[in-house]
Amino acid sequence: AGIATLQEAFPGAAPTYHQELLAVYNGVLAAAGSTEMPEAGATLVSLRAAGHRLYLSTGTSPNVLEAVLDSHGWCHLFSAALGSSPELPKGIPHLEHFAAAEGLGLTEWAERAITVGDGEGEMRAGLLGGVALRCGLADTAQRACELAEAGANLWIRSLPELPPLANTTYPLAQSRWRIPV
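Residues numbered from 1 in each chain as written. Predicted model: local features only at pLDDT ≥ 70, side-chain atom pairs only at ≥ 80, totals over all residues. Heavy atoms only, no water.

A. Structural context of the pairing of strand β3 (residues 114–117). Residues I114 and V116 line one face of β3 and the alternating positions T115 and G117 line the opposite face, and both faces are buried. Where β3 and strand β4 (residues 133–137) come together, 4 bridges link them in parallel fashion. Residue I114 lies in a different strand from β4, and its bridge partner there is L133. In terms of handedness, the path from β3 via helix α7 (residues 120–128) over to β4 forms a crossover that is right-handed. (Buried < 20%, exposed > 50% of the residue type's maximum accessible area, 1.4 Å probe, protein only. Helix = DSSP H or I, 4+ residues; strand = E, 2+ residues; numbered from the N terminus. Pairing = 2+ DSSP bridges. Right-handed = clockwise from strand over helix to strand, strands pointing away.)

Okay, structure coming up:
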């Protein structure tokens, strides 16, 4: 069972602390050139409504991940969401965990998966893990080329392009896609 609320993520802290922490976290992400995509929530809802299972793999710590998902009300959209820890680092270990959660080996799971990400790490992990489709999220052709060099074999400019892609390629997959985002 995951952390259901911010209070569980940070026991004993006042709610204003959680708000301040998330504001600082969002500021750090923005300063690093990473911001929440406004269309993310609608895209996740659309993918789930189409029957896709969603998995989240991030280098963020598990406690911060849970707090962020809780703050957006997205926890219920993911079959599993993993933050990085020494025991379970981002990359292949996360993909193996997702596969095991479905009672599958990594190869079988990866044949029906789409990795989506805006970083080289996601594309490399997908490639090394045997993920069938590795979709780079890039707003320029140069960035798409960088992601392709890391293993991306598809490119989208924005998240709303993902549901039609996942739904169109579904007949090739024999079952709904498992989508680590």
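B. Broad picture of the nonpolar core. Ranked by internal contacts, the top residues of the largest apolar core, which has 20 residues, are W74 and F78. When contributions to this core are tallied by element, the ones reaching two or more residues are α3 (40–49), β1 (53–57), α4 (62–72), β3, β4 and α9 (162–169). By size, the runner-up hydrophobic cluster in this structure holds 12 residues, among which are A80, W109, A113 and V131. (Core = buried A, V, L, I, M, F, W, Y, C linked by side-chain atoms within 4.5 Å.)

C. A look at the packing of α7 against helix α8 (residues 141–150). Closest axis-to-axis distance for the α7/α8 pair is 8 Å, and the angle between their directions is 35 degrees. You can see that α7 and α8 cross each other, and the crossing is right-handed. Contacts between α7 and α8 involve E120, M123, R124 and L127 from the former and R143, E146, L147 and A150 from the latter. Grouping the amino acids of the contact of α7 with α8 by side-chain chemistry returns 4 nonpolar, no polar and 4 charged. (Axes fitted to C-alpha atoms, helices over the stretch in contact; angles between N-to-C directions. Left-handed = near helix turned anticlockwise from the far one by under 90°. Contact = heavy atoms within 4.5 Å. Nonpolar A, V, L, I, M, F, W, Y, C, P; charged D, E, K, R; others polar.)

D. Geometry of the confidence of the model for the protein chain. Of all residues in the protein chain, 72% attain a pLDDT of 70 or more, and the chain-wide mean is 81. Within the model, pLDDT remains below 50 along residues 170–177, and this stretch shows 21 contacts once partners closer than five positions in the same chain are excluded. (pLDDT = per-residue confidence, 0-100.)

E. Representation of the side chain of S85 within the structure. As for its position among the elements, S85 is in the loop between β2 (80–82) and α5 (92–101). By relative accessible area, S85 is classed as buried at 18%.

F. Summary view of the pattern of salt bridges. Summed over all chains, the structure comprises 5 salt bridges. The partner of E108 in a salt bridge is R112, and the shortest N-O contact between them spans 3.2 Å. Exposure remark for E108: the relative accessible area of 38% places this residue in the partly exposed category. Residue classification places R112 among the buried positions, given a relative accessible area of 17%. The structure contains a network of salt bridges with shared partners spanning E120, R143 and E146. (Salt bridge = Lys/Arg side-chain N within 4 Å of Asp/Glu carboxyl O.)

G. Structural context of α8. Three or more residues of α8 are buried, namely R143, A144, L147 and A150. Down the axis of α8, the buried set is contained in an arc of 115 degrees. They therefore lie on one face. Exposed side chains of α8 directed beyond 90 degrees from the buried face belong to Q142 and E149. In the core, the buried residues of α8 are packed alongside β3, α7, β4 and β5 (154–156). Following α8 by one or two positions, G151 has its phi on the positive side, about 130 degrees. (Arc of directions from axis to C-beta.)

H. Seen up close, α3. When we look at burial in α3, the residues that qualify are A40, G41, T43, L44 and L47. Looking straight down α3, one finds its buried side chains confined to an arc of 165 degrees; they lie on one side. Every exposed residue of α3 that faces more than 90 degrees away from the buried side is listed here: A42 and A49. Backbone geometry just downstream of α3 places G51 in the positive-phi region, at approximately 95 degrees.

I. Quick look at the sheet that holds β4. Strands sit in the order β3-β4-β5 across an open sheet of 3 strands; the sheet is parallel. Strands at the two margins of the open sheet, each flanked by one partner only, are β3 and β5. On average, each strand axis in the sheet is tilted by 25 degrees relative to the strand beside it, whichever way the strands run. Looking at chain direction, β4 and β5 are connected through 3 bridges and run parallel. Across the sheet, the residue bridging to L137 is I156, located in β5. Each of β3 and β4 is contacted by α7, which is oriented at about 165 degrees to β3, the strand it contacts most.

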